[in-house]
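Results of the structural survey
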Amino acid sequence: MNVAESERMAGQLQKIGYTLTEDFETADLILFNTCCVRATAEDKIYGKIGEIKKYKRLNPALIIGVVGCLAQKDGENLIKHAPHVDFILGTGRRGELAKVVQDFESKRRQFVDTSNVSGLIDDENILPIRAGSVSAFVPIMYGCNNFCTYCIVPHVRGRERSRIPAEIISEVTETVNAGFKEITLLGQNVNSYNGGKTFPELLRDVDKIDGLQRLRFMTSHPKDLSDDLISAMAHGKNICEHIHLPVQYGSNKILQKMNRVYTVESYLELVKKIRAAIPNISLTTDLIVGFPGETDEDFQATLKFLQEVQFDMAFTFIYSKRTGTPAATFENQVEENLKHARLDELMKLQNKISLEKNLKLDGATVEVLVEGASKTDKNIFTGRTRQNKLVLFPHESENVGDIVNVKINQVQTWLFKGQIV
């Protein structure tokens, strides 16, 4: 989501005469688009804001702005911590970035606005400056109504609000006509989309767009993944066989404390339903270790749950206390060393499961969308299968954006290696 929003802000700035640069020393404007979902992200941002103070000394005319979730959360306090920052713009004011920059250019007066957190964003008709050329992100909704007890997102991004279908269809059509082959529809809780159509209805409409070759979406909440959505995926033409379905934990006691409003049993039933309808589905998830009140019994239940579900991959995190969320005040906070020990054990098990699942593709031929050269070797190209599995292969005559068949001859936990056939 932050990538998509950064692309839109770049589009706003281009309209008022700015162009992107990688050179901090010659930049006229440095803009931080921030996250605060975990403490590590927040610490990193404050560190980076401190680092760029030297560029302000070299160039007093330099404009420094902070936008996004941390800007929304800390507001005036961020300016007090870093007085060299010129403006703070909250999540509901992102659409006014260009105007704020122009106002600062003329008035040179510090500015903070974190109001309108649940308001509509008015930059959707701005042409994004997209980072790639093959895959594009298209937000379809903003905010979240779930209020999981550990999560800061509803507090900094506001309540759910959806874009109208015609606007989304128009953006996807323009993006595909510009040469992009793969579209990912985005939302904090994408399958609770409510813009005049249901999410499955919107997905079917987008799937019909001429020239589109792959369609993805993220992120889904288990409570909103309907039978109709499963059917839309099973019968879709370009909808990829991959669902990211965060479970967060594997014991009902902790799920209830997290306010996740489903049970281990209902999640397992949902997985069974998905796999029955889409046998070649790739299922990935998020897991949090060390939530307040977590006992060894809870943790062992989660390990058992992993064995039962057999996720293709899991993003695993240590619980991060977020001030302003209910869980931050819960008793029985878990000690840091125990959190890390449990995370290691969880990752070891999931890595074993991921490798075992991947080994089933050894020798298979898979369809890969070519993304480009590897960062470490220009002679090796990378791409992804419809199931969102990463594949590396020697570069031949294929071009970025091509769809090729690759025979897998080496399997690893996180990726595959192969040869074009």
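One can find the structure itself at the top, above this paragraph.
Let us look at the structure shown here. (Residues numbered from 1 in each chain as written. Predicted model: local features only at pLDDT ≥ 70, side-chain atom pairs only at ≥ 80, totals over all residues. Heavy atoms only, no water.)

**Looking at the sheet that holds strand β5 (residues 135-139)**
Within a beta sheet, neighbouring strands are joined by backbone hydrogen bonds and run either parallel or antiparallel to one another. The parallel open sheet is built from three strands, whose spatial order is β5-β8-β9. Two strands in the sheet have a free side with no partner beyond their single neighbour: β5 and β9 (214-218). Taking the axes of each pair of neighbouring strands and ignoring which way they run, one obtains an average angle of 25° across the sheet. Pairing of strand β8 (residues 182-186) with β9, which is carried by five bridges, proceeds in the parallel orientation. Paired with I183 across the bridge in β9 is L215. With respect to the sheet, helix α9 (residues 199-207) is in contact with β8 and β9, its orientation differing from that of β9 by roughly 155°. (Pairing = 2+ DSSP bridges. Helix = DSSP H or I, 4+ residues; strand = E, 2+ residues; numbered from the N terminus. Axes fitted to C-alpha atoms, helices over the stretch in contact; angles between N-to-C directions. Contact = heavy atoms within 4.5 Å.)

**With respect to the pattern of salt bridges**
Following the criterion strictly, the structure yields 29 salt bridges and no others. The residue D227 makes a salt bridge to K273 at a minimum N-O spacing of 3.1 Å. Here D227 is found in helix α10 (residues 227-235), whereas its partner K273 is found in helix α12 (residues 264-277), with 46 residues between them in sequence. We classify D227 as partly exposed; its relative accessible area is 47%. Relative accessible area serves as the criterion here: at 38%, K273 is assigned to the partly exposed category. (Salt bridge = Lys/Arg side-chain N within 4 Å of Asp/Glu carboxyl O. Buried < 20%, exposed > 50% of the residue type's maximum accessible area, 1.4 Å probe, protein only.)

**Side note on unusual backbone geometry**
Looking along the chain, the bond that leaves M218 and enters T219 is cis, with omega of 0°. Of note, T219 is situated in the loop between β9 and α10. With a phi close to 65°, N259 is a non-glycine residue in the positive phi region. Residue placement: N259 occurs in the loop between α11 (252-258) and α12.

**Overview of helix α8 (residues 165-177)**
For α8, built from 13 residues, the straight-helix expectation of 18 Å at 1.5 Å per residue is met to within 8% by its first-to-last C-alpha distance of 18 Å. What α8 keeps buried is the set P165, I168, E171, V172, T175 and V176. Looking down the long axis of α8, one finds its buried residues gathered within 135° of arc, a one-sided arrangement. Among the exposed residues of α8, those oriented more than 90 degrees off its buried face are A166 and N177. Packed against the buried residues of α8 are α1 (2-15), β5, β8 and α9. Of the residues trailing α8, G179 is marked for its positive phi of about 110°. (Expected span 1.5 Å × (residues − 1). Arc of directions from axis to C-beta.)

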